[in-house]
Amino acid sequence: MVDSRPLILLNPGPVNLSERVRKALLKSDLCHREPEFAALQSSIRQQLLDVYSLAPERYVAVLMTGSGTAAVEAMLTSLMPLDGKVLIIENGVYGERLTRIAEIYGISHIRSSHEWGAPIEIPALTRRLEEDNAITHIAAVHHETTTGRLNDLGEISSLCKERGISLLVDGVSSFGAEAIDFEAWSIGACAATANKCLHSVPGVSFVVLRRELLPSSESPKRNLYLDLEAYCRHQDANGTPFTQSVQCYYALDEALSEFHDLGGWRARYQHYHNLVQQTRDGLRRLGIRPLMKSHDSSVVLNSYELPSGFDYETFHDQLKENGFVIYAGQGELAKRIFRISTMGAITAADIDRLLQAITRIMGAAS
Ligand SMILES: *Cc1c(COP(=O)(O)O)cnc(C)c1O
């Protein structure tokens, strides 16, 4: 049974869709071997480069059907040369997932582990790089959705540039809403997805990368389905190696048009910024504290201490009865925090209603 009452999704994707994007799902049936599909695919690839005004001579967007993790796995397994070694920065679940991928595929790696939510220690990182000159790549998460921490890619990139190291970024929960300076930060590749800050449906993910990082088609492969080189080669020739989720492509194309119509990433950043300030201010008045300072957090998601007297399940279920879906903390944080994401077609009026609902729930409990 599906409840017909619309829920406001405050989880970090999938997001509430605009009517414009929802309607795009109902376009005509289409074969992925027809020119109409090629045009749709090219439109999405171009619009993805336009998000950060990237030059098509140097950068390329490669699409695949899968969730964000598919793009992250494709990035690491396709771009790490067999004789390469990657230093993986961990300060949350998604950094640790990068390590898990490297372990599974036997990619040579070392870890720079931090506590969840801790800032990246640049002096320690510099020492690791000095001790080990086999390191060819650094992999890092931009926005660590575990806590809301926005990692400082600018700082990491200066270490990379000095040493000719390539930077591979999990930008799944920041692409489209936070500043990502591909040129200044010498980003080699950034993996992301349709259903977070770009406000489309889950099903398509992508990697935006420097063309020069793609291996040749003859070089050894780690896998078949997540091979970025093959996807890119086929897409450059207006084709696709496998069946793609056509309806998800329709929706992403529309979501990107809407994104550009609304003013691009800067406008989205500002919109999220306003919503997150409204949320933080409102919750603070109710005695609910944020886990992190504003300037350490993304505008995409913030974590908050659970109000005293509530466990997560009770708080979640009561808010859901009021039409809002919040998100649990992961691991050790599950008992202490809840998370609120500002992604998707949500407005200041929605946040007002959320704050009213929390006020009522806390009032009823005291
Ligand atoms: C959401 C997310 C992912 C991917 O999750 P999927 O469930 O595969 O879409 C990866 N990295 C980060 C930082 C994320 O927030």
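Residues numbered from 1 in each chain as written. Predicted model: local features only at pLDDT ≥ 70, side-chain atom pairs only at ≥ 80, totals over all residues. Heavy atoms only, no water.

Further remarks concern the pairing of strand 11 (residues 301-305). In terms of burial, strand 11 is a largely internal element, four of the five residues being buried. Where strand 11 and strand 14 (residues 337-341) come together, five bridges link them in antiparallel fashion. Within strand 14, the position partnered with Glu-305 by the bridge is Ile-337. (Buried < 20%, exposed > 50% of the residue type's maximum accessible area, 1.4 Å probe, protein only. Helix = DSSP H or I, 4+ residues; strand = E, 2+ residues; numbered from the N terminus. Pairing = 2+ DSSP bridges.)

Taken together, Ser-67, Gly-68, Thr-69, Tyr-94, Arg-97, Val-141, His-143, Thr-145, Asp-170, Val-172, Ser-173 and Lys-196 make up the full set of residues near the ligand. Within the backbone of Gly-68, a nitrogen or oxygen atom sits 3.0 Å from an oxygen atom of the ligand. Between an oxygen atom of the ligand and a side-chain N or O atom of Lys-196, the distance comes to 2.8 Å. Within the complex, 85% of the 390 Å² of free accessible area of the ligand lies under protein. Of all elements in the fold, only helix 3 (68-79) and helix 4 (93-105) reach the threshold of two or more residues within the shell around the ligand. Class assignment of the residues belonging to the shell around the ligand gives a composition of three nonpolar, six polar and three charged. (Near = heavy atom within 4 Å. Polar contact = N/O pair within 3.5 Å; in protein donor to acceptor, adjacent residues only side chain to side chain. Areas by Shrake-Rupley, 256 points an atom, 1.4 Å probe, with all protein chains shown as cover. Nonpolar A, V, L, I, M, F, W, Y, C, P; charged D, E, K, R; others polar.)

To continue, consider helix 3. Its 12 residues give helix 3 an end-to-end C-alpha distance of 17 Å, which sits within 8% of 16 Å, the value for a rise of 1.5 Å per residue. The element helix 3 is largely enclosed, with a buried count of 10 among its 12 residues. Those residues of helix 3 that sit buried are Gly-68, Ala-70, Ala-71, Val-72, Ala-74, Met-75, Leu-76, Thr-77, Ser-78 and Leu-79. (Expected span 1.5 Å × (residues − 1).)

The next thing to look at is the pattern of salt bridges. Here the structure, examined in full by the defined rule, presents 18 salt bridges. The closest approach of N and O atoms between Asp-296 and Arg-149, which form a salt bridge, is 3.7 Å. Taken together, the residues span a long stretch of sequence, with Asp-296 in the loop between helix 9 (264-285) and strand 11 and Arg-149 in strand 7 (residues 149-150) at a distance of 147 residues. Arg-149 sits in the buried class, given a relative accessible area of 8%. For Glu-229, the salt bridge is made with Arg-233, and the minimal N-O distance between the two is 2.8 Å. With Glu-229 and Arg-233 both in helix 7 (residues 228-236), this residue pair falls four residues apart, about one helical turn. Overlapping salt bridges bring together Arg-20, Lys-27, Glu-254 and Asp-261 as one network. (Salt bridge = Lys/Arg side-chain N within 4 Å of Asp/Glu carboxyl O.)

The biggest cluster of nonpolar side chains holds 53 residues, and the ones touching the most others in it are Leu-48, Ile-138, Ile-156, Phe-175, Phe-182 and Ile-187. By residue number, the principal contributor to this core is helix 8 (residues 246-261), which donates nine residues. Apart from residues lying up to four places away in sequence, Phe-182 is in contact with Tyr-52, Leu-54, Tyr-59, Phe-175, Ile-187, Cys-190, Val-208 and Arg-210. (Core = buried A, V, L, I, M, F, W, Y, C linked by side-chain atoms within 4.5 Å. Contact = heavy atoms within 4.5 Å.)

Together, Asp-311, Glu-313, Asp-317 and Glu-321 give the surface a local cluster of negative charge. Considering the arrangement of structural elements, one finds Glu-321 in helix 10 (residues 312-321). With relative accessibility at 58%, the residue Glu-321 sits in the exposed group. (Patch = residues over 30% accessible without salt bridge, like charges linked within 9 Å, V, L, I, M, F, W, Y side chains within 5 Å. Lys, Arg positive; Asp, Glu negative; His and termini not counted. Charge placed at Lys NZ, Arg CZ, Asp CG, Glu CD.)

Structural measurements only, silent on function.
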